[in-house]
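Structural characterization, general
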Amino acid sequence: MTSSPPEPWCLFLDRDGVINRRIVGDYVRTTQQWEYLPGALQALRLLSEWAPRIVIVTNQRGVGRGIVSPEDLDRIHTRLLEDVAIVGARVDAIRVCPHLDTDECPCRKPLPGLALSWLAVNREVNPARSVMVGDSPSDMGMAENLAAVTGGCVRVLIDDRSDAAKTGVDADFRFPTLLDYARDVTM
């Protein structure tokens, strides 16, 4: 008798500060400003072999503020997906909230709308087995809010400990980089 295949789940990843370098006090506005964090593409390759689904969930209020054009954001994400494919990795979707904090949008992290909207159309995925990897309190808040709705979500904080403001953020696991996390879970 054979066992059934493992139930699919989703690895949700934040973008800025996890995959690419965050521009402090500004936004990544163009592909020329886009800079991968060291080891990020290698991490995505490793994670692609491990995670059944990978979805990037990212707040991009620079669009809502009129600082980043939707076309430039699309070019940035097209480049990201092309680079991911070149290294033999996979990202199944990119979900973006372009709204401002004052818009009270249900998809803006820390609310779980970005993940919930993706899960609603990917019903084969067990939402309670989700993992959220991010570098901010709003990312960990999204994981907590997703868990409250679905019954579970592991919180993984990318924290290089160089920013004292992140020290008090609650998470299930902490790693200095996405590559450190990927190596840990895939070894």
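Residues numbered from 1 in each chain as written. Predicted model: local features only at pLDDT ≥ 70, side-chain atom pairs only at ≥ 80, totals over all residues. Heavy atoms only, no water.

Of the two faces of strand β1 (residues 10–13), the one carrying Cys10 and Phe12 and the one carrying Leu11 and Leu13 are both buried. Across four bridges, β1 lies against strand β2 (residues 53–59) in parallel orientation. Looking across to β2, one finds that Phe12 is bridged to Val55. Following the chain from β1 across helix α1 (residues 40–50) to the adjacent parallel β2, one finds a crossover that is right-handed. (Buried < 20%, exposed > 50% of the residue type's maximum accessible area, 1.4 Å probe, protein only. Helix = DSSP H or I, 4+ residues; strand = E, 2+ residues; numbered from the N terminus. Pairing = 2+ DSSP bridges. Right-handed = clockwise from strand over helix to strand, strands pointing away.)

With 32 residues, the main nonpolar core has Leu11, Leu13, Ile19, Leu44, Val133, Leu178 and Tyr181 as its most contacted residues. Looking at this core, the elements that each hand over two or more residues are β1, α1, β2, α3 (70–86), β4 (130–134), β5 (153–158) and α6 (178–186). Here this core takes six residues from α1, the largest share from any one element. Leu178 has contacts with Leu13, Val18, Ile19, Ala40, Ala43, Leu44, Leu47, Val133 and Ile158, leaving out every residue within four places of it along the chain. Val55, Cys97, Cys107 and Val125 belong to the second-largest nonpolar core, a separate cluster that totals 18 residues. (Core = buried A, V, L, I, M, F, W, Y, C linked by side-chain atoms within 4.5 Å. Contact = heavy atoms within 4.5 Å.)

Right, let's get into the environment of Ala128. Within the fold, Ala128 resides in the loop between α4 (113–121) and β4. By relative accessible area, which is 32% here, Ala128 ends up partly exposed. For the pair Ala128 and Gly152, spaced 24 residues apart in sequence, the C-alpha separation works out to 4.1 Å. Setting aside residues up to four positions removed in sequence, Ala128 forms contacts with Thr150, Gly151, Gly152 and Cys153.

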